[in-house]
Amino acid sequence: MTSLKPILDGSCTQCPRLARFLAEVRAQRPEYFARPVPPFGDARAGLLVVGLAPGMHGANRTGRPFTGDFAGILLYATLHKFGFASHGGSDDPRDGLRLKGCRVTNAVKCLPPDNKPEGAEVRRCNPFLAAELEAIRPCAVLALGAIAHQAVLLACGAKPRAFPFAHHAVHTLPGVSRTGHGRAFRLFDSYHCSRYNTQTRRLTTAMFEAVFRDINAYLSSAR
Ligand code: SF4
């Protein structure tokens, strides 16, 4: 890891497959954002939510994570219910939505074909996630799905075997630091709030809210 912090500026094309795909999307749908999607929310957040990657007609279209498609419905409704969001919907980046004590990002910043980033793409994008963790120094991180979970571990240099992913699992991680003074945080796992997972009831509202209750309790105790 270099001492220079990587800055996501929207022009990154380090992943050739994803850069080609985004160029195709821009040609076919010039109204779409179709660039690396930056994080959204409070820059001094106690909670960082990490998703997988932008969805074609959601973040990839609107330029804001989990905005404009089904995946954001349960996430932002729950963030609002637990006091992290000014309102519960997230259809359009011009909707005035504000996050309080929370930031939302993705493990991979560019839209992958079929919503499936390759391992090399997750690794290549990981310095951006590591830089976010190091800058925000959150108390709690919510990983939505196994790939987001693994990306958070990678950013911290933590061994996957020591911290297996499971819905509603909780881990304590040492934090990210190039200087050796990283802030430890609690990692909470959840199944991803995708249309597939919610419509098949692999992830129900009650299951998701139970994770948030634990996050809120932890953040309250850590204050
Ligand atoms: S996925 Fe990340 S590293 Fe790859 S091109 Fe997009 S922003 Fe760059």
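Each remark here, short or long, concerns the structure printed above.
What you are looking at is a predicted structure, and each value in this text was computed from that prediction instead of being measured.

Visitor: Explain the layout of surface pockets here, please?
Guide: The gaps left among the atoms become clear once a water-sized probe is rolled over them. There is about 600 Å³ of room inside the largest pocket. Mapped by element, the contributors of at least two residues to the lining of the largest pocket are α5 (146–156) and α6 (195–199). Tallied by class, the residues present in the lining of the largest pocket amount to 15 nonpolar, eight polar and three charged.

Visitor: Just to check I follow, could you spell out the sheet that holds strand β3 (residues 102–106) for this structure?
Guide: What links the strands of a sheet is backbone hydrogen bonding, and the strands pair in either a parallel or an antiparallel sense. What the six strands build is an open sheet, ordered β1-β3-β2-β4-β6-β5; its pairing is mixed. At either end of the open sheet lies a strand with only one pairing partner, and these are β1 (40–41) and β5 (170–173). Taken together, the four bridges between strand β2 (residues 47–51) and strand β4 (residues 140–144) define a ladder with parallel strand orientation. Considered in β4, the bridge of L47 is made with A140. In the packing of helix α3 (residues 71–81) onto the sheet, the strands contacted are β1, β2 and β3, and the crossing angle to β3 comes to about 165 degrees.

Visitor: How do you make sense of helix α1 (residues 16–28) when you look at a structure like this?
Guide: Think of an α-helix as turning once every 3.6 residues; residues three or four places apart then point the same way. End to end, α1 covers 18 Å across 13 residues, agreeing with the expected 18 Å (1.5 Å per residue, within 8%). What α1 keeps buried is the set L18, F21, L22 and V25. Each buried residue of α1 sits inside an arc of 100 degrees when the element is viewed along its axis, so together they form one side. Across from the buried face of α1, at angles greater than 90 degrees, the exposed residues are R20 and A27.

Visitor: Is there a simple way to think about the packing of α3 against helix α7 (residues 205–222) in this case?
Guide: The description of two packed helices rests on the angle between their axes and on the distance between the axes. Where α3 meets α7, the axes come as close as 11 Å, and the angle between the chain directions of the two elements is 45 degrees. On the basis of their axis angle, the class for α3 and α7 is oblique. The handedness of the crossing between α3 and α7 comes out as right-handed. In this structure, α3 contributes L74, L75, T78, L79 and K81 to the contact, and α7 contributes T205, F208, E209 and F212.

Visitor: Sorry if this is basic, but what is going on with unusual backbone geometry here?
Guide: Both trends apply: most residues other than glycine have a negative phi, and most peptide bonds are in trans. In this structure, A34 is a non-glycine residue whose phi angle is positive, near 50 degrees. Take A34: it is sitting in the loop between α1 and β1. Classification of A34 as buried rests on a relative accessible area of 0%. With phi around 70 degrees, H168 is a residue other than glycine that occupies positive phi space.

Visitor: Help me out: how do you make sense of empty space enclosed by the protein in this one?
Guide: All told, the structure shown has two cavities of 30 Å³ or more when counted by the stated rule. Surrounding the largest cavity, 14 residues form its lining, C12, Q14, C15, C110 and C125 being those nearest its centre. Where the lining of the largest cavity is concerned, the elements lending two or more residues are α1 and α4 (119–136). Among the elements that make up the lining of the largest cavity, the one with the highest residue count is α4 (three residues). Its residues assigned to classes, the lining of the largest cavity comprises ten nonpolar, two polar and two charged. In this structure, the second largest cavity occupies an estimated 40 Å³ of space. Lining the second largest cavity are L133, E134, R137, P138, G175, V176, R183 and F185.

Visitor: When you look at the site of the ligand in this model, what are you seeing that I'm missing?
Guide: Near the ligand the following residues occur: L8, C12, Q14, C15, L18, P36, V108, K109, C110, R124, C125 and F128. Of all the cavities here, the one that holds the ligand is the largest cavity. With three residues, the single largest contributor to the shell around the ligand is α4.

Visitor: Can you help me understand the nonpolar core in this one?
Guide: Taken as a class, soluble globular proteins show a tendency for nonpolar side chains to be buried jointly. V50, L133, V141, V152, L173, F185 and L187 are the most contacted members of the largest nonpolar core, which totals 35 residues. Broken down by element, this core gets its largest block of residues, six residues, from α5. For F185, the contacting residues outside a window of four places in its chain are L133, P138, C139, A140, V141, V152, C156, H171, T172, L173 and G175. Of all hydrophobic cores here, the second largest spans 29 residues; its members include L47, L99, L142 and F212.

Each value, and the rule that gives it
Residues numbered from 1 in each chain as written. Predicted model: local features only at pLDDT ≥ 70, side-chain atom pairs only at ≥ 80, totals over all residues. Heavy atoms only, no water. 1 Å grid on protein atoms, 1.4 Å probe; cavity = no way out; pocket = protein on both sides within 12 Å on 5 of 7 lines; lining within 4 Å. Points joined across faces, edges and corners; volume = space filled by probe spheres on them. Helix = DSSP H or I, 4+ residues; strand = E, 2+ residues; numbered from the N terminus. Nonpolar A, V, L, I, M, F, W, Y, C, P; charged D, E, K, R; others polar. Pairing = 2+ DSSP bridges. Contact = heavy atoms within 4.5 Å. Axes fitted to C-alpha atoms, helices over the stretch in contact; angles between N-to-C directions. Expected span 1.5 Å × (residues − 1). Buried < 20%, exposed > 50% of the residue type's maximum accessible area, 1.4 Å probe, protein only. Arc of directions from axis to C-beta. Parallel < 35°, antiparallel > 145°, perpendicular 65-115°, else oblique. Left-handed = near helix turned anticlockwise from the far one by under 90°. Near = heavy atom within 4 Å. Sits in = over half its atoms within 2 Å of the grid points. Core = buried A, V, L, I, M, F, W, Y, C linked by side-chain atoms within 4.5 Å.

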